[in-house]
Amino acid sequence: MIVVVLHEPQDLVNIAHVVRGMKNFGVRDLRLVNPREYEAYRVEGIAHQTQDVLARVRTFTTLEEALADCVHIVGFTARGRTAKRNVQRPRDAAAEVVGLVESGRGPAAVLFGREDKGLSNDALDRCHRVVTIPSDPAYASLNLGHAVIIMLYELALARGAEERPFKTPRRTSEPATAGELERLFVDVARALHAIEFFKTRNADGVMRTMREIAHRAPLDTREVKLLRAMAIEVTKYGERLARSGLHVDR
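On a predicted model such as this, the values are computed, not experimentally measured, just so you know. (Residues numbered from 1 in each chain as written. Predicted model: local features only at pLDDT ≥ 70, side-chain atom pairs only at ≥ 80, totals over all residues. Heavy atoms only, no water.)

Asker: Looking at this structure, how should I read the overall build of the protein chain?
Answerer: When its secondary structure is counted, the protein chain shows ten helices and seven strands. Projected onto the principal axes, the alpha-carbon positions of the protein chain cover approximately 85 × 40 × 35 Å. The buried share among the 250 residues of the protein chain stands at 38%. Within the structure as shown, the protein chain displays about 15600 Å² of accessible surface, and the carbon and sulfur contribution to it stands at 51%. (Helix = DSSP H or I, 4+ residues; strand = E, 2+ residues; numbered from the N terminus. Buried < 20%, exposed > 50% of the residue type's maximum accessible area, 1.4 Å probe, protein only. Areas by Shrake-Rupley, 256 points an atom, 1.4 Å probe, with all protein chains shown as cover.)

Asker: What am I meant to see in the pattern of salt bridges here?
Answerer: When the charged atoms of two side chains lie near each other, side chains of opposite charge can form a pair. By the definition in use, this model includes 14 salt bridges. The shortest N-O distance in the salt bridge between R114 and D116 comes to 2.5 Å. Residue class for D116 comes out exposed when judged on its relative accessible area of 52%. Between E182 and R211 there is a salt bridge, with its nearest N and O atoms 2.8 Å apart. In this pair, E182 sits in helix α8 (residues 178-194) while R211 sits in helix α9 (residues 203-216), placing the two residues 29 residues apart along the sequence. (Salt bridge = Lys/Arg side-chain N within 4 Å of Asp/Glu carboxyl O.)

Asker: Sorry, what's going on with the nonpolar core here?
Answerer: The tendency in soluble globular proteins is for nonpolar side chains to be buried side by side. Counting 34 residues, the largest nonpolar core has V4, L6, L30 and F112 as its most contacted members. Listing elements by their share of this core, those giving two or more residues are β1 (2-7), α1 (12-25), β2 (29-33), α3 (51-54), β4 (72-76), α5 (90-102), β6 (108-112) and α7 (144-158). Counting residues in each nonpolar core, the second largest holds 16 residues, with V5, L63, A66 and L119 among its members. (Core = buried A, V, L, I, M, F, W, Y, C linked by side-chain atoms within 4.5 Å.)

Asker: How should I be thinking about the pairing of β6 in this particular structure?
Answerer: A regular strand places its side chains so that they alternate between the two faces of the sheet. In terms of residue burial, β6 counts as a mostly covered element, since five of its five residues are buried. As paired strands, β1 and β6 are joined by five bridges and run parallel to one another. Directly across from V5, in β6, lies its bridge partner L111. Where β4 lies against β6, four bridges are found, and the strand directions are parallel. Its bridge partner being in β6, G75 is matched across the sheet by L111. (Pairing = 2+ DSSP bridges.)

Asker: In this structure, what is going on with the environment of L226? I would like to understand it.
Answerer: Along the polypeptide, L226 turns up in helix α10 (residues 221-244). You can call L226 exposed: its relative accessible area is 54%. Placed 42 residues apart in sequence, L226 and L184 show a C-alpha to C-alpha distance of 9.7 Å.

Asker: I tried to follow the packing of aromatic side chains on my own but got confused; where do I start?
Answerer: Aromatic ring pairs: the centre-centre distance and the angle between the two ring planes describe each pair. Summed over the entire model, instances satisfying the criterion amount to three aromatic pairs. When the ring of F25 is compared with that of Y153, the centres are 6.2 Å apart and the planes differ by 75 degrees; the resulting orientation is edge-to-face. Separated by 128 residues along the polypeptide, F25 in helix α1 and Y153 in helix α7 bring together distant segments of the chain. Taking relative accessible area as the criterion, F25 reaches 24% and is therefore assigned partly exposed. Exposure remark for Y153: the relative accessible area of 38% places this residue in the partly exposed category. With 6.1 Å between their ring centres and 75 degrees between their planes, F197 and F198 make a pair best called edge-to-face. Overall, F198 belongs to the buried group, its relative accessible area being 10%. (Phe/Tyr/Trp six-rings, centres within 6.5 Å; stacked < 30°, edge-to-face > 60°.)

Asker: Even after reading the chapter, I still don't get the pairing of β1, so can you show me in this structure?
Answerer: Counted residue by residue, β1 has six buried out of six residues, so it is predominantly covered. Burial along β1 is two-sided: I2, V4 and L6 and V3, V5 and H7, pointing in opposite directions, are all buried. The parallel pair β1 and β2, bridged by α1, forms a crossover whose chirality is right-handed. (Right-handed = clockwise from strand over helix to strand, strands pointing away.)

Asker: Is there a simple way to explain the sheet that holds strand β7 (residues 129-131) in this structure?
Answerer: Strands in a sheet are paired, the pairing made by backbone hydrogen bonds, and the direction either parallel or antiparallel. Overall, parallel pairing links the seven strands, which are arranged β3-β2-β1-β6-β4-β7-β5 in an open sheet. The strands lining the two open edges of the sheet, one partner per strand, are β3 (58-60) and β5 (87-88). Contacts from α1 reach β1 and β2 within the one sheet, and its direction differs from that of β2 by about 160 degrees. (Contact = heavy atoms within 4.5 Å. Axes fitted to C-alpha atoms, helices over the stretch in contact; angles between N-to-C directions.)

Asker: How do you make sense of a nonpolar patch on the surface when you look at a structure like this?
Answerer: Taken together, the side chains of L226, L227 and M230 make up a nonpolar region of the molecular surface, amounting to roughly 280 Å² of accessible area. Looking at the secondary structure, you find L227 in helix α10. (Patch = residues over 30% accessible without salt bridge, like charges linked within 9 Å, V, L, I, M, F, W, Y side chains within 5 Å.)

Asker: Which parts of the structure should I look at to understand α9?
Answerer: Given 3.6 residues to a turn, an α-helix orients residues that are three or four positions apart in the same direction. Helix length check: α9 (14 residues) gives 20 Å between terminal C-alpha atoms against 20 Å at 1.5 Å per residue, within 8%. Restricting attention to buried positions, one finds in α9 the residues V206, M207 and A214. Around the axis of α9, the buried residues are gathered within 90 degrees of arc, so they sit on the same side. Turned more than 90 degrees off the buried face of α9, the exposed positions are D204, R208 and R216. Where α9 is buried, its residues meet α8. (Expected span 1.5 Å × (residues − 1). Arc of directions from axis to C-beta.)

Take a look at the structure:
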C-alpha cells in the first residue's frame, strides 16, 4: 500500500488538488497530520467524483502516529540540506517504493510538508529517502499539489501505466491504395484549376508537394475519401458559380 502523507497542510484547496491527483493515478490512501482545515464535503466540491478517496482519508495529530506502520518513508524537500541523507530523484524513489510495496513488505509513505515551510529537519530524520524534484534552482519551491502530482505520476509509471495501450479508434480504416491516392490527386488538381490556383504557380511543383504530404502522413481510405469529397465539392461549386454568371473577386 502506498500512502500520501501531508504534514500540517494549510490550504484546503491544495488538499483537494492532492485528492484529485490521487484519483487520477490510482492511489487511494491519504493521511493528514494536523491540517489547518479539512472538511470532506468541501474537498469534494473542488475535486469531483473522489468520494472513494475521501472515504479513506485519515487524520492524525502527530507525524509519528501517521507514519507508525510504514516500512519505508520518502520525504520531499525543495531545499538542499547540509545534513547527510539518502537522497533520490522522484523516478528512482518511485521505483523503489513500488518494488517494496509489490513485494508485500508493508505500507510505504510519500511525505510532504506544509506549504510555507516544507518539512522540518526533525520530519526528514524519519525518512528513509529524501527526494528533491529537479526544478529551476532560481525558483525551486513547487506548489504542494504540483509536487504530489509529479510523484504520483512517477509512481504510476513505475507500476507500468505507460504500457497500457491507447484506446482503439471508434472507426478504423485500411491504408489507402495507390489507386485511391491517384484519384485523390486528380480531384485535387481539378479543384485547384477551378479556383485558378495555378494561375501564378507551377502546377507540377504544387502537385508534387501534395504527393509528398500525402505519402508522409500516410493517409488511410477514409481520409482519402474525405479529401476527395472536399476537392470534388470545390470543383462543383466553381461550376455552379460559372453557370450563375456572378462575378466573384479573387
